[in-house]
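Letter by letter, the chains look like this.
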Amino acid sequence: MRRRQFLKMSCVLGAGVALCGLGVDLVPIEAWADEIKKIDRLKSARQTMSVCCYCSVGCGLICATDEKTGKIINIEGDPEHPVSEGSLCAKGAGIFQTTEANEHRLTKVLYRAPNSDKWEEKSWDWAIDRIARLMKEERDKSFITKNAAGQVVNRVETLAHMGSSNLDNEECWSITAWARSLGLVYIDHQARV
Ligand code: SF4
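Residues numbered from 1 in each chain as written. Predicted model: local features only at pLDDT ≥ 70, side-chain atom pairs only at ≥ 80, totals over all residues. Heavy atoms only, no water.

### Some remarks on the sheet that holds strand E6 (residues 144–146)
Line of reasoning, step 1. Strand order in this open sheet of three strands is E6-E7-E8, and the pairing throughout is mixed. The sheet terminates laterally at E6 and strand E8 (184–189), the two strands that pair on one side only. On average, adjacent strands in this sheet sit at an angle of 30 degrees to one another, irrespective of strand direction.
Line of reasoning, step 2. The pairing of strand E7 (residues 152–163) with E8 spans five bridges and is parallel. Counted as the bridge partner of Ala 160 is Tyr 186 from E8.
Line of reasoning, step 3. Helix H4 (residues 124–142) contacts E6 and E7 of the sheet and is inclined by roughly 150 degrees relative to E7.
Line of reasoning, step 4. Here helix H5 (residues 169–181) sits on the sheet in contact with E7 and E8, set at roughly 160 degrees to E8. (Pairing = 2+ DSSP bridges. Helix = DSSP H or I, 4+ residues; strand = E, 2+ residues; numbered from the N terminus. Axes fitted to C-alpha atoms, helices over the stretch in contact; angles between N-to-C directions. Contact = heavy atoms within 4.5 Å.)

The following block contains the structure:
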C-alpha cells in the first residue's frame, strides 16, 4: 500500500470509529476501504487477456490473477479490444461472479418439493433422473402427432426449455437440437428474456 493510500485509510478508519459511536452506518465506508484494498491487489496481479464465451460478439476481457494464490481476483472489459473497447453487456460484466471468488455461487443441487417451505440437498444423479422421468411422462401424455388440419407436426406444447445465461453458443446449439428432437417448440434463453 502506498503512503497516500495508507493515510487515506487511516483517516477513513479514524472517522469510522467516531461515526460508529454516533450510530452512523459504516457499511459504505467499509465497502470503499475494500475497494482500495482490491485496487492494490490488482496492481500486483498477473493480467491475462481473454474473450467472453457467451456470444459471437466476442468482447475482450482482462482477467487478473493473484500471483500468490493463483486465483482470479477480478475480470473486467479490455479497453484495448478492437470490438468491445472495454464495454461488456450484463452477462459479460457478471462473468466474475461465476468464479469461485463468489461465495454465494451455487455448487450443489437444492430441491424444494411442491408445497414445501424447505430446501433439501440432492445429488446431480437424483436431479437428472427426476427431470428425465418427469419429461418422459409429460411427453408420453401430451405428444401431438397431427394438428387440427391433419398435418404432421410431432410436437409437445406442454414442455418448455429455458437456457441459462451461462450457456455459450455451442451449448445453446446442442441443447436446441436436443430439445427439437423431443418435439419441444417453446425454447428460449434467459439472456434474451
Ligand atoms: S455476452 Fe455480452 S459481453 Fe459477452 S461477448 Fe456477448 S455482448 Fe460481449
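### Remarks on the pattern of salt bridges
Line of reasoning, step 1. Taken as a whole and assessed by the stated rule, the structure comprises eight salt bridges.
Line of reasoning, step 2. Put simply, Glu 138 and Lys 141 hold a salt bridge, and the shortest N to O gap is 3.3 Å. Pair noted here: Glu 138 and Lys 141 are both in helix H4, with a separation of three residues, about one helical turn.
Line of reasoning, step 3. Residue class for Glu 138 comes out buried when judged on its relative accessible area of 19%. (Salt bridge = Lys/Arg side-chain N within 4 Å of Asp/Glu carboxyl O. Buried < 20%, exposed > 50% of the residue type's maximum accessible area, 1.4 Å probe, protein only.)

### Let's talk about a nonpolar patch on the surface
Line of reasoning, step 1. On the surface, Leu 106, Leu 110 and Trp 119 cluster together to form a nonpolar patch covering roughly 370 Å² of accessible area.
Line of reasoning, step 2. Inspection of the secondary structure assignment puts Leu 106 in the loop between helix H3 (90–93) and strand E4 (109–111). (Patch = residues over 30% accessible without salt bridge, like charges linked within 9 Å, V, L, I, M, F, W, Y side chains within 5 Å. Areas by Shrake-Rupley, 256 points an atom, 1.4 Å probe, with all protein chains shown as cover.)

### Comments concerning H5
Line of reasoning, step 1. Under the 1.5 Å per step criterion, the end-to-end length of H5 is 18 Å for 13 residues, consistent within 8% with the ideal 18 Å.
Line of reasoning, step 2. Count one or two residues on from H5 and you reach Gly 183, which has phi positive near 100 degrees. (Expected span 1.5 Å × (residues − 1).)

Function cannot be read off these values alone, since they describe shape.
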